[in-house]
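The primary structure of each chain is shown beneath.
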Amino acid sequence: MHFLMLVFKILFILSFFHLLSLGQDPQAAAAAAPDQICAETDRLALLGFKDMIFKDTTDFLSSWTGKDCCGGGWEGVECDPSTGRVNRLVLQTPSERDISVYMKGTLSSTLGDLHFLETLIISGMKHIAGVIPESFSKLSRLKQLILDGNSLQGDIPSGLSHLELLQTLSLSGNHLTGQVPSIIGNFKNLQLLSLAGNMLKGSIPISFKNLVELQSMDLSHNLLSGVVPDFLGQLQNLTYIDLSSNQLSGGVPVSLCNLLKLSFLSMDHNRMTGRIPNQIGKLKALTSLSLSFNKLTGQIPESIAGLTNLWNLSLSRNDLLDPLPIAFSKGLPSLLSIDLSYNHFNLGIVPEWIRTRELSDVNLAGCKLRGTLPNFTRPDSLNSIDLSDNAFTGGISSFFARMSSLQKAKISNNRLKSDVAGIKLPEGISFLDLHSNQLFGSLSRMLSNKTSKFLEAIDVSNNQLSGNIPEFISGLNLYVLNIGSNKIAGQIPTSISNLNKLERLDISRNQITGTIPISLGSLVKLQWLDLSINRLSGIIPDSLLGIEALRHANFRANRLCGEIPQGRPYNIFPAAAYAHNLCLCGKPLPSCKVKKQDKLGQ
């Protein structure tokens, strides 16, 4: 989400400064517009678009009335004061509005009649669907085409090849299919290209070698395959490359190390192989390098230590080997975030150059760390930390004490042994994962009113916790609560209904008694519910039918009786979800043989 907002801001800033580069101030243009009466062809073209939108909760188009679309009253419409022709159409969901705000409909082919249009932005309208009209090929003056964050489908039309003046093309966050068209290589003036978040396949077209003015290229989150082409290293103006979350293979091209202006490079979540080229140290402008979730081998190049502007280094889930570069101890002066998780490192202890720096994110999961948890020299700078899947022993009580900025902590699957009542959590922590340790004690203090103010997700499953499930006050923000596989007893409190944002609840494999509270049915956002392997009795209340979002439920191995709620999804869950109870009946189990009122009395 933060990354998408960053892209949005980049696009907005580029469009604004593009106007300034033409010597046209946006406010001056708006002020000059009232003296102009728009051409009838432009007015009809805009009304044709309006007719194709049958739902507009933004109320943008309600202002499109009267004969003058250049008079300043038509929201999102701007005209060139010298010609009186529409040259900008900007319809995008304001960032301060709720995400449910949208238009619903399709893009009208009449927009292709706006022959003087230089900027076309229809962005963030989640329910504008259909295809990109072929008529857009007539917009020969277009310099910015931004249609991201909609639900557009089909191929990218080949007719766009006529838009020779195009400087910005962003179609990200749609449902576009087919291959990345080679015609994009015709856009000799293109500076920003974003096709991220679609379903595009095939290879990166060789015609891209013609995009000599390109500064930013984002093809992430598609189905692209093949190798990363060498010719990208010839596009000397590139500052931003994101090819992440595709199916790209082969090595990291050495040619990319010639891009001396490059500040952002991400190829994570692909199938890249081979070594990280040592020449990567030539990228002195690089601020973020992410190659995680690939099959890269060998050692991390020493040359990375010389990247003085690098603040983010993410190399997790590869096949990288020891030792870490010695030069890291004195290099990387700008480093803020590091992720070396799940490679073939045998670190033993957290390196001193990590412990003594003012870092915001430290991720060293699965690095064969052991001994007690590390002491950080600047714990107040940490925003997130992941030390999961190591062999840490000892306590955890004071580990978080000085981490005043910590929001996310994962220290699961270690050998930590502490009373959870003594763990002092930072007040602002939102995500806590301590599952699969040897923690004991009661959850009451950890989930008290003070410590759970900002808590959104907590997983303390597979420990040795005891006591009861604590009472919950209203106003809590928990959406994940996993306390499964412990020794927790008592009943499910009726106050669980106060967790009205809860999406996942797992209290399985404990010693919970009593009945399933009717109030559980008020958790309407719940998607995952696991109450299995406890000592619950009574019925499964019909109030649970109100949880329409539920996708998984498990009531197995309790002492429940009576008819299973007969409605979706309960009567279509597998029979195994209800097995090994006292006398449950009704779909998906055999039919009940006695009257419902009799079963209620059992």
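Located above this text is the structure these notes cover.
Residues numbered from 1 in each chain as written. Predicted model: local features only at pLDDT ≥ 70, side-chain atom pairs only at ≥ 80, totals over all residues. Heavy atoms only, no water.

Digging into the state of the cysteines
Filter applied, for reference: Note that a disulfide, as used here, is simply two cysteine sulfur atoms within 2.5 Å. When accessible area is computed with a 1.4 Å probe and restricted to protein chains, residues below 20% of their type maximum are described as buried, those above 50% as exposed, and intermediate ones as partly exposed.
Summed over the entire model, instances satisfying the criterion amount to three disulfides. Across the disulfide, Cys 70 is cross-linked to Cys 79 (sulfur-sulfur distance 1.9 Å). With the S-S bond torsion at -85°, the cross-link from Cys 70 to Cys 79 turns out left-handed. Take Cys 70 and Cys 79: they sit in the same class, and that class is buried.

Overview of the sheet that holds strand S18 (residues 271-275)
As a reminder of what qualifies: Any two strands with at least two DSSP-identified bridges between them are counted as paired. Each helix is a run of H or I in the DSSP string that is no shorter than four residues. Each strand is a run of E no shorter than two, and both are numbered from the N terminus.
Strand order in the open sheet made by the six strands is S12-S14-S16-S18-S20-S22, with parallel pairing throughout. At either margin of the open sheet sits one strand with a lone partner, and together these are strand S12 (201-202) and strand S22 (319-320). Across three bridges, strand S14 (residues 223-227) lies against strand S16 (residues 247-250) in parallel orientation. Paired with Gly 226 across the two strands is Leu 248, which belongs to S16.

Structural notes on the sheet that holds strand S4 (residues 103-106)
For clarity, the cut-off: An axis is simply a line fitted to the C-alpha atoms; with a helix, the fit covers only the stretch in contact. Between two such axes, the angle follows the N-to-C directions and lies from 0 to 180 degrees. Any two residues whose heavy atoms approach within 4.5 Å are treated as being in contact.
Overall, mixed pairing links the three strands, which are arranged S1-S4-S6 in an open sheet. Bordering the open sheet on either side are strand S1 (53-56) and strand S6 (127-129), each of which pairs with just one other strand. When the angles between neighbouring strand axes are averaged without regard to direction, this sheet yields 10°. Bridging between S4 and S6 involves three bridges; their strand directions are parallel. Looking at the pairing, Gly 105 lines up with Ile 128 of S6. Against the sheet, helix H3 (residues 40-52) contacts S1 and S4, and its axis sits at roughly 70° relative to S1.

Focus: the pairing of strand S20 (residues 295-298)
Where S18 meets S20, three bridges bridge the pair, whose relative direction is parallel. Bridge pairing links Gly 274 to Leu 296 in S20. Two strands pair when backbone bridges link them, and S20 and S22 are joined in this way by two bridges, in the parallel orientation. Considered in S22, the bridge of Thr 297 is made with Asp 319.

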